[in-house]
Amino acid sequence: DKLNSYISNCKLFNPENLDIYHTYRNLDMIISKAKELIKSKGVKLIIVDYVQLITTNAKSSVREQEVAHISRSFKELGLSTGCHIILLAQLNRDSDKRGGDKTPKVSDLRESSSLEFDADTVILLHRPYYYNNDPADEFKLNWIVAKNRSGPTGSTELFCDIKYNLILNSDRELSYEVSAPKVIN
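Structure report, in brief. These numbers come from a predicted model, not from an experiment. (Residues numbered from 1 in each chain as written. Predicted model: local features only at pLDDT ≥ 70, side-chain atom pairs only at ≥ 80, totals over all residues. Heavy atoms only, no water.)

**Things to note about the overall build of the protein chain**
The secondary structure content of the protein chain amounts to 6 helices and 6 strands. From first element to last, N terminus to C terminus, the protein chain shows the α and β order α-α-β-α-β-α-α-β-α-β-β-β. Here the protein chain displays about 12,900 Å² of accessible surface, and carbon together with sulfur accounts for 51% of that area. (Helix = DSSP H or I, 4+ residues; strand = E, 2+ residues; numbered from the N terminus. Areas by Shrake-Rupley, 256 points an atom, 1.4 Å probe, with all protein chains shown as cover.)

Okay, here's the thing in structure tokens:
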């Protein structure tokens, strides 16, 4: 009940304040729509899920150059409009290949070092349980601030329940109920 109350009081989760455009995959279309929303609705935050799915009209045969162009375009959008931009990105499999510690690094960002270069902040997520299957780690999620131009870097442990797509501060009271969705035939 506490969790549902918290979510319902969060403006981010209010459908009136959240627009999702899942059909936009071309960079020019996304930038154009973003500018329109910034101007008409005063949008202050844009989240792109995820950068490697975006296509461009650029005539480049090298995907790394395309991703660099995408990264730079979003950086310029943020700087020119004052809108905050969050780009979600895939990691490559280098952390899987490393022996021992599988914690991701900024250099693991897939397809372009430009993502690392252009970003003001890079946050990486790591679930130790994915690699070690240790029951003690099942609900642990490491939030790693790997780059931060405006402040410190470091990491913190969060509570994560993948079954319910739920992430909370680990020091939070962990009593919550989530009801199963109704199935409509």
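**Considerations on the sheet that holds strand β5 (residues 154-161)**
Taken in spatial order, the 4 strands of this open sheet run β3-β4-β5-β6, and their pairing is antiparallel. Looking at the sheet topology across the chains shown, the edges are occupied by β3 (121-126) and β6 (166-169). The mean inter-strand angle of the sheet, taken between neighbouring strand axes irrespective of direction, is 35°. (Pairing = 2+ DSSP bridges. Axes fitted to C-alpha atoms, helices over the stretch in contact; angles between N-to-C directions.)

**Looking at helix α3 (residues 63-81)**
Counted at 1.5 Å a residue, the expected span for α3 with its 19 residues is 27 Å, and the 27 Å between its end C-alpha atoms agrees. Residues of α3 that are buried in the fold lie against α2 (27-41), β1 (45-49), β2 (84-88) and α5 (114-118). (Expected span 1.5 Å × (residues − 1). Contact = heavy atoms within 4.5 Å.)

**Some details on the environment of D161**
Positionally, D161 belongs in strand β5. When the C-alpha atoms of D161 and E138 are compared, they prove to be 8.2 Å apart, with 23 residues separating the residues in sequence.

**Describing the pairing of strand β4 (residues 140-148)**
Across 6 bridges, β3 lies against β4 in antiparallel orientation. Along β4, the bridge assignment pairs H126 with N142. Summarising the sheet, β4 and β5 pair through 6 bridges and their orientation is antiparallel. Along β5, the bridge assignment pairs L141 with L158. Two successive antiparallel strands, β4 and β5, enclose a turn made up of 5 residues.

As far as function goes, none of this settles anything; it's purely spatial.
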